[in-house]
Amino acid sequence: MDLTESDSDYGDWMSALSEELWDVSLSNLAIPGSHDTMSYCLDITSPLVRSESDTFRILDGLFYCITRPVIYRWATTQEKGIVEQLQAGIRYFDLRIAHKPNDMSNELYFTHVIYTHVTVLDTLQKVASWLDSHPKEIVILACRNFEGLSEKLHETFIYSLKRTFASKLCPRTEAVVTLRHLWSLRYQVVLSYDDQTAARHNELWPAIPYLWANKPTAEGLIDYLEWEKSLGRPGIKLLLSLSVLALMEWRCFTEGNNMGSLWLA
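Small disclaimer: the values here were computed from a predicted structure and weren't measured.

Draft legend 1. Fine view of the overall build of the protein. The helix and strand tally for the protein stands at seven helices and ten strands. Surface summary for the protein: the accessible area is close to 13200 Å², and the carbon and sulfur share equals 55%.

Okay, structure coming up:
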């Protein structure tokens, strides 16, 4: 994501929307998001994540001086920190979370092939603090790709999430998710949690299906999106798809089979 100095003007764009949009479902608004949000702070010296193949691990061990710079460049999809992204207007965050192997602590890190320098809870505390000073901004946090978390560690993490965001968390049972409604109840966080553990916690929303076009041409991308649109909206509240070309686009399938877009540069 390439942000300019002028991007800092979008820290309160939701509160600045015209009143006619306050009663539009959140899923029908165009919401900017970032892909692999935390890849700006990857630790080039960290181990590979558990899901990487044994072959890749062997190559990484034998040719570390070659593989690591390549991995780092490929895996880094963002340049700006989480607070800078918030200030630039980003409101959907793709958070991939893991526990390091052989780590006796409960610390969690973000990942994209390798782990980040920063921990998950320290980062989310920054988000919560930023929201305190921007009371009408709403964020969607998609926690996913959990690697190395036991059920006990999931529960510990969920407890920490509840403590960090407290009354800001919008319960998944809310039938109306519009800006006006969220503002009235002081909800600021829609937290999607891609693990079955979430079912026991009303504050957590289910996983958002993640469709990736992965097409090398604009024509292939358009065909894919048209095909997905023709299938209609599945029986879920929200569906995102990531389309990767020179520009990446999140598409949000909404009620009535209409689609809003979340753009990522």
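Draft legend 2. Broad picture of the pattern of salt bridges. As enumerated under the stated definition, the model contains eleven salt bridges in all. Between aspartate 23 and arginine 180 there is a salt bridge, with its nearest N and O atoms 2.7 Å apart. Highlighted residues: aspartate 23 in the segment before β1 (33–34) and arginine 180 in helix α6 (residues 179–185), separated in sequence by 157 residues. One salt-bridge network, held together by shared partners, links Asp36, Asp94, Arg96 and Arg144.

Draft legend 3. Highlighting unusual backbone geometry. The phi torsion at asparagine 145 lies on the positive side, around 55°, for a residue other than glycine. Take asparagine 145: its relative accessible area is 32%, and that puts it in the partly exposed class. Not every positive phi belongs to a glycine, and arginine 186 is a case in point at roughly 60°.

Draft legend 4. Just helix α5 (residues 151–165), in detail. Here α5 spans 21 Å end to end across 15 residues, near enough to the 21 Å set by a 1.5 Å rise per residue. Taken as a whole, α5 has its buried residues at Leu153, His154, Phe157, Ile158, Ser160, Leu161, Thr164 and Phe165. Down the axis of α5, the smallest arc covering the buried residues is 160°, so these residues share one side. Exposed side chains of α5 directed beyond 90 degrees from the buried face belong to Glu151, Lys152, Tyr159 and Arg163. Of the residues flanking the end of α5, it is alanine 166, one or two places downstream, whose phi is positive at about 45°.

Draft legend 5. Main features of the packing of aromatic side chains. Applying the stated criterion to the full structure yields five aromatic pairs. When the ring of phenylalanine 146 is compared with that of tyrosine 193, the centres are 4.5 Å apart and the planes differ by 35°; the resulting orientation is tilted. Residue phenylalanine 146 is located in strand β5 (residues 139–147), and its partner tyrosine 193 is located in strand β6 (residues 189–193); the two are separated by 47 residues in the primary sequence. Assigned by exposure class, phenylalanine 146 and tyrosine 193 land together as buried. With a centroid separation of 6.4 Å and 45° between ring planes, the pair formed by tyrosine 224 and tryptophan 227 is classed as tilted. Of this pair, tyrosine 224 and tryptophan 227 both sit in helix α7 (residues 218–230), three residues apart, which is roughly one turn of the helix. Each member of the aromatic cluster is reached from another via a ring pair, and the members are Phe146, Phe157 and Tyr193.

Draft legend 6. Molecular detail of the nonpolar core. Residues Leu141, Phe157, Phe165, Leu191 and Tyr193 are the most contacted members of the largest nonpolar core, which totals 32 residues. Among the elements of the structure, α3 (82–87), β2 (92–98), α4 (120–132), β5, α5 and β6 are those that each provide at least two residues to this core. Examining the composition of this core, we find that six residues originate from one element, α4, more than from any other. Ignoring any residue separated from it by four or fewer positions in sequence, one finds leucine 191 in contact with Leu141, Cys143, Leu161, Phe165, Leu169, Glu203, Leu204 and Trp205. In terms of nonpolar packing, the next biggest core, distinct from the first, is built from 20 residues, Leu26, Ile31, Ala142 and Trp205 among them.

Draft legend 7. Looking closely at the pairing of strand β4 (residues 114–119). Sheet topology note: the strand β3 (residues 109–112)/β4 ladder contains three bridges and is antiparallel. Following the sheet pairing, tyrosine 109 is matched in β4 by threonine 119. Hairpin connection from β3 to β4: one residue lie between these consecutive antiparallel strands, with valine 113 at a positive phi of about 75°.

Draft legend 8. Spatial organisation of the packing of helix α1 (residues 54–62) against helix α2 (residues 64–75). Viewed as axis vectors pointing N to C, α1 and α2 meet at an angle of 115°, and their least axial separation amounts to 5 Å. When α1 is examined against α2, the residues Phe56, Leu59, Asp60, Gly61 and Leu62 are found in contact with a partner set consisting of Tyr64, Thr67, Arg68 and Ile71. Residue composition of the contact of α1 with α2, grouped by class: five nonpolar, two polar and two charged.

Draft legend 9. Here's a closer look at the pairing of β5. Counting buried residues in β5 gives eight out of nine residues, a clear majority hidden from the surface. Bridge analysis of β2 against β5 gives six bridges, and the strand direction is parallel. For leucine 95, the partnering residue across the bridge sits in β5 and is cysteine 143.

Draft legend 10. Examining the environment of phenylalanine 56 more closely. Summarising the element assignment, phenylalanine 56 is placed in helix α1. On a C-alpha basis, the gap between phenylalanine 56 and threonine 67 in space is 9.5 Å, while along the polypeptide they are eleven residues apart.

What counts as what
Residues numbered from 1 in each chain as written. Predicted model: local features only at pLDDT ≥ 70, side-chain atom pairs only at ≥ 80, totals over all residues. Heavy atoms only, no water. Helix = DSSP H or I, 4+ residues; strand = E, 2+ residues; numbered from the N terminus. Areas by Shrake-Rupley, 256 points an atom, 1.4 Å probe, with all protein chains shown as cover. Salt bridge = Lys/Arg side-chain N within 4 Å of Asp/Glu carboxyl O. Buried < 20%, exposed > 50% of the residue type's maximum accessible area, 1.4 Å probe, protein only. Expected span 1.5 Å × (residues − 1). Arc of directions from axis to C-beta. Phe/Tyr/Trp six-rings, centres within 6.5 Å; stacked < 30°, edge-to-face > 60°. Core = buried A, V, L, I, M, F, W, Y, C linked by side-chain atoms within 4.5 Å. Contact = heavy atoms within 4.5 Å. Pairing = 2+ DSSP bridges. Axes fitted to C-alpha atoms, helices over the stretch in contact; angles between N-to-C directions. Nonpolar A, V, L, I, M, F, W, Y, C, P; charged D, E, K, R; others polar.

These figures come from the coordinates and say nothing about function on their own.
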